[in-house]
Amino acid sequence: MVSCTKNYLAKNARPGKHNGGLTGRYLARYIKSVVSVLFPLTIVVMTPIHFAHSEQISFNKTPLENDVQLSYKWRDHANEKHQFSFTLPLEQVKNRHHKRFVPEQVTRYQQIAMLKERNKIDAKDARIEIKRIGESLQLSVRSRSEEQVKKYQKQLLQAKDDAFEQYLKDHYYTQFSNYLGQEGIKPDHLRYIKENQTLLKPFAEAMYAEASESPDMRAFLNLLLGWLQSIPYDDLESRVSSNGAGFSPPFTLLSNNQGDCDSKSVLMASVIRALFPDIELVMLYLPNHALLGIAMSPQKDEASMLINGEEYLLMEPTGPALFSLNEVAPSSQRFLDTRMYSYEVIP
């Protein structure tokens, strides 16, 4: 079983340019009600499908003078034991925590920006009032002419919009729209991937060498998948909130030894990109879930997913179910088959 329940849709989000996102539980409830109306007499008996589960045998975190050593032991889909150790800069581990999205802070950002902009306007030209009512701001502009009123309104509202963008940037968020076209806010996954590539390169090189004596991309990806799937799933209650508090950046995930679907996908993409800067990667967003795609040629009788004319093999790093390269959970496959997904191309 693979699941990653969360809802990043924010009701106060402005339209964005990013394509990708996770939808909430209400969609599943809606679909269920529609099905029951269309087929009121249909009884479906489903036989449970059991998948091998990953097993993390042990995890140890040892503080050193300027680093922290992380040691893992786990079993893969073939029931083989693996062990792997590496060190991370202690400073990076301490400073890589994701901040939750707080609407009250957004309003404060915007209010300060608008007040600063108001101070640039001569009081003789316009009378401007900016009031905070809950999580919203009320703007009143009075001037000698309607033209001036529109001018100053536009100037102040632009300052408000700029402050919103600045808040997102400062707190590692971005705007997006899901496959239904609903607008929202989510952690800036692409930015985290970009900023962690260099720092994770030594780890990526060691993992690649561990996977096979000779260069083997598939062996590397399967070793990486099995290791990530064995890391405990983070099922904090904040998964169903829209404040993004449940997301763990790569170094936080490694240090805490737990993470959810998009956290593990971001870590895996960062590691792959550290070694292969030119390979095409996409992050796919399904209802309540996320996974990855990598541009690789399928083997004989192997299916692939076509995105923008490019063939992609899928990767399901969430766990605890063990899925090798290009294997996904049946629930994920259903959403993909019915086009209930959106995606972001990873630069």
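Refer to the structure printed above.
Note that the structure is predicted; figures quoted are calculated from it, not measured.

Colleague: Sorry if this is basic, but what is going on with helix 3 (residues 103-118) here?
Modeller: An α-helical segment advances 3.6 residues per turn. Residues three or four places apart therefore align on the same side. Counted at 1.5 Å a residue, the expected span for helix 3 with its 16 residues is 22 Å, and the 22 Å between its end C-alpha atoms agrees. Along helix 3, the positions that sit buried rather than exposed are Val106, Thr107, Gln110, Gln111, Ala113, Met114 and Glu117. End-on, the buried residues of helix 3 take up no more than an arc of 170 degrees, which puts them together on one face. The elements touched by buried residues of helix 3 are strand 4 (126-133), strand 5 (136-143) and helix 4 (146-170).

Colleague: Could you clarify how one ought to interpret the pairing of strand 9 (residues 289-294) in this entry?
Modeller: Put simply, side chains in a regular strand alternate between the two faces of the sheet. The element strand 9 is extensively covered by neighbouring structure, given that six of its six residues are classed as buried. Here strand 9 shows two buried faces, one formed by His289, Leu291 and Gly293 and the other by Ala290, Leu292 and Ile294. The turn linking strand 8 (residues 281-286) back onto strand 9 is made up of two residues, and asparagine 288 within it adopts a positive phi angle of 65 degrees. Of the strand pairs in this sheet, strand 9 and strand 11 (residues 310-315) are connected by three bridges, and their pairing is antiparallel.

Colleague: Before we go on, may I ask you to explain the packing of aromatic side chains in this structure?
Modeller: In this structure the tally under the stated criterion is 15 aromatic pairs. Each ring, one from tyrosine 192 and one from phenylalanine 247, has its centre 5.2 Å from the other, and the planes form 45 degrees; the classification is tilted. Note that tyrosine 192 is positioned in helix 5 (residues 189-211) and phenylalanine 247 in the loop between helix 6 (217-230) and helix 7 (250-256), a separation of 55 residues in sequence. By relative accessible area, tyrosine 192 is classed as buried at 5%. With centroids separated by 5.2 Å and ring planes inclined at 65 degrees, the aromatic side chains of tyrosine 208 and phenylalanine 220 adopt a geometry described as edge-to-face. One end of the pair, tyrosine 208, is in helix 5; the other, phenylalanine 220, is in helix 6, and twelve residues separate them in sequence. By relative accessible area, which is 21% here, tyrosine 208 ends up partly exposed. Members of the aromatic cluster, each reached through a chain of ring pairs, are Phe59, Tyr72, Phe84, Phe86, Phe203 and Trp227. It is arginine 191 that lies over the ring of tyrosine 172; its NZ or CZ is 3.6 Å from the centre.

Colleague: Help me understand the sheet that holds strand 12 (residues 342-346), please; the structure alone is not making it clear to me.
Modeller: As a general point, the strands of a sheet are linked pairwise by backbone hydrogen bonds and lie either parallel or antiparallel. As summarised here, the arrangement of the five strands in space is 10-11-9-8-12, forming an open sheet in which the pairing is antiparallel. The open sheet terminates on both sides in strands that have one partner only, identified here as strand 10 (305-307) and strand 12. The sheet shows a mean angle of 35 degrees between the axes of neighbouring strands, taken without regard to direction. Two elements, strand 8 and strand 12, share five bridges in a ladder whose sense is antiparallel. When the sheet's bridge partners are listed, methionine 283 is paired in strand 12 with glutamate 344. Contacting strand 8, strand 9, strand 11 and strand 12, helix 8 (residues 261-275) runs over the sheet at an angle of about 20 degrees to strand 9.

Colleague: For this particular structure, what's the right way to read the sheet that holds strand 3 (residues 81-89)?
Modeller: The strand order across the open sheet built from three strands is 1-2-3, with neighbouring strands paired in antiparallel fashion. The strands lining the two open edges of the sheet, one partner per strand, are strand 1 (55-63) and strand 3. Across the sheet, the mean angle separating the axes of adjacent strands is 15 degrees when strand polarity is ignored. Of the pairings in the sheet, the one linking strand 2 (residues 67-75) to strand 3 comprises nine bridges and is antiparallel in character. Within strand 3, the residue paired with arginine 75 across the bridge is lysine 81.

Colleague: Looking at this model, I keep getting lost on the environment of glutamine 155. Mind explaining?
Modeller: When you line up the elements, glutamine 155 lands in helix 4. Here glutamine 155 falls in the partly exposed class, since its relative accessible area comes to 25%. Glutamine 155 sits 38 residues away from glutamate 117 along the chain, and the two C-alpha atoms are 7.8 Å apart.

Colleague: What's the story with the pairing of strand 5 in this structure? I'm lost.
Modeller: Summarising the sheet, strand 4 and strand 5 pair through eight bridges and their orientation is antiparallel. In the strand pairing of strand 5, arginine 132 is matched with leucine 137. Adjacent in sequence and paired antiparallel, strand 4 and strand 5 are bridged by two residues, among which glycine 134 carries a positive phi angle near 65 degrees.

Colleague: How do you make sense of the packing of helix 6 against helix 8 when you look at a structure like this?
Modeller: Helices that pack against each other are described as a pair by the angle of their axes relative to one another and the distance between those axes. Viewed as axis vectors pointing N to C, helix 6 and helix 8 meet at an angle of 150 degrees, and their least axial separation amounts to 11 Å. The orientation of helix 6 relative to helix 8 falls into the category roughly antiparallel. The hand of the helix 6/helix 8 crossing is right-handed. Seen from helix 6, the contacting residues are Phe220, Leu221, Leu224, Leu225, Trp227, Leu228 and Gln229; seen from helix 8, they are Lys264, Leu267, Met268, Val271, Ile272 and Leu275. Class assignment for the residues of the contact of helix 6 with helix 8 results in eleven nonpolar, one polar and one charged.

Cut-offs applied
- Residues numbered from 1 in each chain as written.
- Predicted model: local features only at pLDDT ≥ 70, side-chain atom pairs only at ≥ 80, totals over all residues.
- Heavy atoms only, no water.
- Helix = DSSP H or I, 4+ residues; strand = E, 2+ residues; numbered from the N terminus.
- Expected span 1.5 Å × (residues − 1).
- Buried < 20%, exposed > 50% of the residue type's maximum accessible area, 1.4 Å probe, protein only.
- Arc of directions from axis to C-beta.
- Contact = heavy atoms within 4.5 Å.
- Pairing = 2+ DSSP bridges.
- Phe/Tyr/Trp six-rings, centres within 6.5 Å; stacked < 30°, edge-to-face > 60°.
- Lys NZ or Arg CZ within 6 Å of the ring centre and 35° of its normal.
- Axes fitted to C-alpha atoms, helices over the stretch in contact; angles between N-to-C directions.
- Parallel < 35°, antiparallel > 145°, perpendicular 65-115°, else oblique.
- Left-handed = near helix turned anticlockwise from the far one by under 90°.
- Nonpolar A, V, L, I, M, F, W, Y, C, P; charged D, E, K, R; others polar.

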